[in-house]
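# Descriptive structure summary
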Amino acid sequence: MGDAARPRLRLKFKSLLDPSTDQADLVHEEPDDVSVPEARRNLRKKYDRHPEAGHIELTVGGVVVGVTSRARVFEDLGQASGEPGVGDGDRATQPGESSQYRVLVIACKSCGSSATTMFWDERAAPACCANGRMELRR
């Protein structure tokens, strides 16, 4: 692999690189077929063996990719499985109302009880327990 591969490798290992510096305390070499998670694990081991090192130059297949930092390599990437946290859903943190959906209110004309839904089909309208069918209010 030559220096022509450097931009591709920089993009591949971007999550490990620290763009704020090009100065390193040590050099770490990986083979050209290394995956990003494997390189991260190997860099963590190297940082653990050298606690004084703040930055390590990453070389992949003989090509200098860039400089990593302890903070980037040990960054918590979260969990790929398990229970989602509050706000982990799609658009969960976006302000305002959705432009794709709207909440519909259905109500009973007689007793005033109401319910909300995202879908309305008059043929399948819910029924009020006391007075029969409910109607679309908005």
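All residue numbers refer to positions counted from 1 along the written sequence of the respective chain. In keeping with the predicted nature of the model, local features appear solely for residues at pLDDT of at least 70, side-chain atom pairs appear and are counted solely at 80 or more, and the whole-chain, interface and lining totals rest on all residues. The basis for every side-chain value is the complete set of non-hydrogen atoms in the structure, without hydrogens or water.

Okay, the sheet that holds strand β8 (residues 135–136) next. Here, a strand pair is defined by DSSP locating no fewer than two bridges between the strands. Strands here are runs of E lasting at least two residues and helices are runs of H or I lasting at least four, both read from the DSSP assignment and numbered beginning at the N terminus. What the three strands build is an open sheet, ordered β5-β4-β8; its pairing is antiparallel. One side of each edge strand has no neighbouring strand; the edge strands of this open sheet are β5 (114–117) and β8. Where strand β4 (residues 104–107) meets β8, two bridges bridge the pair, whose relative direction is antiparallel. Counterpart to A107 in the pairing with β8 is E135.

Taken together, the side chains of Y101, V103 and M118 make up a nonpolar region of the molecular surface, amounting to roughly 330 Å² of accessible area. In this structure, Y101 sits in the loop between α3 (70–73) and β4. Residue classification places Y101 among the exposed positions, given a relative accessible area of 58%. Two joining distances apply to patches: 9 Å for like charges and 5 Å for nonpolar side chains (Val, Leu, Ile, Met, Phe, Trp, Tyr), and every residue must have over 30% relative accessible area and no salt bridge. Working definition of accessibility: Shrake-Rupley area with a 1.4 Å probe, residue cover restricted to the visible protein chains. Within this document, salt bridges are pairs made up of a side-chain nitrogen of Lys or Arg and a carboxyl oxygen of Asp or Glu, the two lying within 4 Å of each other. The buried label goes to any residue with under 20% of its type's maximum accessible area, the exposed label to any with over 50%, and the partly exposed label to all in between, with areas taken from a 1.4 Å probe on protein chains only.

With that settled, the discussion passes to the nonpolar core. Definition used in this section: a nonpolar core is a set of buried Ala, Val, Leu, Ile, Met, Phe, Trp, Tyr and Cys residues joined via side-chain atoms within 4.5 Å. Counting 17 residues, the largest nonpolar core has L9, F13, L16, L43, L58, V60 and V65 as its most contacted members. Every element with two or more residues in this core is listed here: α2 (36–49), β2 (55–60) and β3 (63–69). It is α2 that provides the largest number of residues to this core, a total of four residues.

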